[in-house]
Amino acid sequence: MSTNTHHDCDVAIVGLGPVGLFSAIVLGTKGYRVVGLDRWATPYARPRAVTFDHEIARLLNSIGINADDDECIDYYDAIYRWQNANGDVLTEVDWMNQADDGWRNRYWFSQPALEERLRQIIASLPNVTLLQGHQVGEIQQDADGVTLTHRETEVNGTSCTVKEGGVTGTVRAAALIGSDGANSKVRADLGLTMQDLEFYYDWLVVDVLPNEDKEYDPPHYQVCDPVRPTTVVPGGPGPTPTSPRRRRWEFMALPGETAAELEADERVWELLAPFDVTPDNAVLERAVVWRFQAKYLDQWNVGRIALAGDAAHLMPPFAGEGMCAGLRDAANLCWHLDLILQGHAGWDSLDGYSSERLTNVRWYIDFAVDLGRTICVADPAEAAERDSRMIAEHLVQREIGPVHPHLATLGPGAWIADDAHAGRPAIAGRVAHHGRFGRFDDVVGTGWMLLSDVRQAAPLPPEQQARFEGIGGRIVSVGAPGSGADVIDVEGAYGRWMKQQGVNHLLVRPDFCVAATADTADTLATSMDTLFDAMGVRSLAGAA
Ligand SMILES: Cc1cc2nc3c(=O)[nH]c(=O)nc-3n(C[C@H](O)[C@H](O)[C@H](O)COP(=O)(O)OP(=O)(O)OC[C@H]3O[C@@H](n4cnc5c(N)ncnc54)[C@H](O)[C@@H]3O)c2cc1C
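We now turn to the structure provided with this report.

Reading guide: rules and limits
Every chain's residues receive numbers from 1 upward, in the order its sequence appears when written. Residues qualify for local features only when their pLDDT is at least 70, as the model is predicted, and side-chain atom pairs are given and counted only at 80 or more; totals for whole chains, interfaces and linings, by contrast, use all residues. Values shown for side chains rest on all heavy atoms present in the structure; no hydrogens or waters enter the calculation. Here, nonpolar core refers to any group of buried Ala, Val, Leu, Ile, Met, Phe, Trp, Tyr and Cys residues whose side-chain atoms link them within 4.5 Å. When a residue's accessible area, from a 1.4 Å probe over protein chains only, is under 20% of the maximum for its type it is buried; when over 50% it is exposed; and in between it is partly exposed. Working definition: helices are DSSP H or I runs of at least four residues, strands are E runs of at least two. Numbering for both runs from the N terminus. Boundary definitions for the domains trace back to an automatic or database domain assignment. Only residues whose relative accessible area exceeds 30% and that take part in no salt bridge are eligible for patches, with like-charged residues grouped when within 9 Å of each other and nonpolar side chains (Val, Leu, Ile, Met, Phe, Trp, Tyr) grouped when within 5 Å. Values of accessible area rely on a 1.4 Å probe in the Shrake-Rupley scheme; residue burial ignores everything except the protein chains shown. One side-chain nitrogen of Lys or Arg within 4 Å of one carboxyl oxygen of Asp or Glu is enough to make a salt bridge. Positive charges come from Lys and Arg, negative ones from Asp and Glu, while His and the chain ends are left out of the count. In this description, the location of a charge corresponds to atom NZ of lysine, CZ of arginine, CG of aspartate or CD of glutamate. Whether two strands pair depends on DSSP finding at least two bridges between them. Near, as used in this document, describes a residue that has one of its heavy atoms within 4 Å of the molecule or strand being considered. Here a polar contact is taken to be a pair of N or O atoms separated by no more than 3.5 Å, where protein atoms must pair a possible hydrogen donor with a possible acceptor and residues adjacent in sequence count only if both atoms sit in side chains. Gly counts as polar in this scheme, as do all residues outside two lists: the nonpolar Ala, Val, Leu, Ile, Met, Phe, Trp, Tyr, Cys and Pro, and the charged Asp, Glu, Lys and Arg.

**Considerations on the nonpolar core**
Counting residues in hydrophobic clusters, the biggest one holds 121 residues, and the most contacted among them are Phe52, Ile73, Leu148, Leu176, Phe468 and Met535. Of the residues forming this core, the biggest block, twelve residues, is contributed by helix H7 (residues 322–341). When we break this core down by domain, the ones giving at least three residues each are domain 1 (4–76 + 103–192 + 299–368) and domain 2 (430–543). In terms of nonpolar packing, the next biggest core, distinct from the first, is built from 23 residues, Ile427, Tyr494, Val508 and Cys513 among them.

Here is the structure:
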């Protein structure tokens, strides 16, 4: 006889990949009742993401995962090289330095291990319930909330199907996040279809557990050989703290090659042999052919339901940014939901989430597709032309230096469009605050944050200040040691940046994007009004 269950919550999350898990932690930490569901009982074990960037390191740190010092994350501080079949350097990317938020440009991990780490954090949040091994069925939305049904699953070999006579149940939520991946059921139920950029390449993705740690110089490189375009990168720490680090190879499938041929162990070892990886010195963890593609949704929300991660966009992994984009979605969506659930804004403010994230993701999709079109060249003449062009550009432009944020900005939403710094990642420095020294986020905190030069007294008029604090905003003064500021800019990061940019105020959002900068209190006040309007945040009178 099957059992029926029912859960009431603030937010239901369908799909517990990295995006759903991260969202559950952010909302759960804020005190919301969250129910997360996934059809698989354990993290999805097929090889996928291995790298994330500094913006994601900052986001992960905000939920308690310090990428510089966590067992499931690794880094190398070395260049990323693209070379041709002869070993000539086509280009080099600076993965040695830190970004101006203080995090390394690139980190390495195994996706199932990171997901397991996220689940450990959720285990400490009593208001977050995970229904793992439950497939979501019907989803219905009405004026007051969303109701979904779910059924217990069982694993059959490599697939997972509904269990006859298993537990069934319903979840009633104020809001629903559809983070259910590339084949999203939530997206299909909403009748939304993705735009397809018609970029399709099949690649064999191989994860290897070496018997011993081996030096690769550089540790990450791209072999632009038309005979077999290949990616050689780290794969994150090994399965135990004392294991050698994982390695990842990706080999482009050539016309006529099938997945079954490429995934056969014998064929995988043949492809690895030129890299001196053999059954004598390594174990194959996984070898799977993936179709790399580029797709996106134009609209990411309908009423109380919003899509995030691969459910809303897909990009080829050449930039290592697919999951990163999904975590940026989650950070953005969670603060929008927080405003709505607190009663400060209406459900239509999710339109801002959709438009902000769409533009940002489109930049990364185009970037990844451009990289892919340069890498996936199997024609020798085309490859020779590419090589001579890139070698010439590299000789002129070779410039290794501090990392700058990618050029992606947000689309229209809660930031000041004609502000050169807004809509992009904010800087972060090491500061002292209340007797503690460290990263700003660790010692001062995260969330809506207005940083003002200590010489600018009372930056906001009282009504605006109350409204800003009403949505959880904090106002802190920043200044040099001895200035009497709330936050002591011990290393001068904020002072230098503000002086260079000619600003005295920096308004940072909970997703670490700059909402506005301003030189004077008057400009700041005008920007604040524009932002409150853009977010649909009600005035204090309206909220009462
Ligand atoms: C080969 C490869 C390499 C990659 N490398 C990188 C990289 O280096 N860096 C990077 O940033 N990104 C990379 N990516 C992309 C990254 O893996 C994805 O963007 C990321 O996993 C998406 O996370 P998600 O949470 O949105 O979706 P998923 O991780 O796909 O999770 C969706 C979840 O929803 C569940 N689900 C689906 N339907 C239902 C249902 N009806 N009921 C219940 N549960 C359901 C699924 O079981 C699944 O667990 C790579 C991808 C590939 C394929």
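Anyway, onward from the coordinates.
**Here we look at a negative patch on the surface**
A cluster of acidic residues, Glu212, Asp213, Glu215 and Asp217, forms a negative patch on the protein surface. By the secondary structure assignment, glutamate 215 is in the loop between strand S14 (201–210) and strand S15 (220–224). Given the relative accessible area of 76%, glutamate 215 is considered exposed.

**Notes on unusual backbone geometry**
Residues aspartate 217 and proline 218 are joined by a peptide bond in cis, for which omega reads -5°. Look at phenylalanine 512: it is not a glycine, yet its phi comes out positive at around 65°. If you trace the backbone, phenylalanine 512 turns up in the loop between strand S28 (505–508) and strand S29 (514–518).

**What to know about the sheet that holds strand S4 (residues 73–74)**
Ordered in space as S3-S7-S4, the three strands form an open sheet in which the pairing is antiparallel. Strands at the two margins of the open sheet, each flanked by one partner only, are strand S3 (51–53) and S4.

**Description of the site of the ligand**
Around the ligand, 32 residues are found, and the nearest of them are Asp38, Arg48, Thr51, Gln111 and Asp310. Backbone polar atom of proline 18 to an oxygen atom of the ligand: 3.4 Å apart, as the coordinates give it. The contact in question runs from a nitrogen atom of the ligand to an N or O atom on the backbone of arginine 39, over 3.1 Å. In isolation the ligand exposes 1000 Å². Once the protein is present, 92% of that is buried. Elements with a minimum of two residues in the shell around the ligand: helix H1 (18–29), strand S2 (34–38), strand S9 (134–141), strand S18 (282–292) and H7. Considering only residue class, the shell around the ligand consists of 14 nonpolar, eleven polar and seven charged.

**A few points about the sheet that holds strand S13 (residues 195–196)**
Taken in spatial order, the three strands make up an open sheet running S13-S19-S22, and their pairing is antiparallel. Unpaired on one side and paired on the other, S13 and strand S22 (313–314) mark the two borders of the sheet. Relative to strand S19 (residues 295–296), S13 runs antiparallel, the two being bridged by two bridges. Among the inter-strand pairings, glutamine 195 is bridged to a residue of S19, identified as tyrosine 296.

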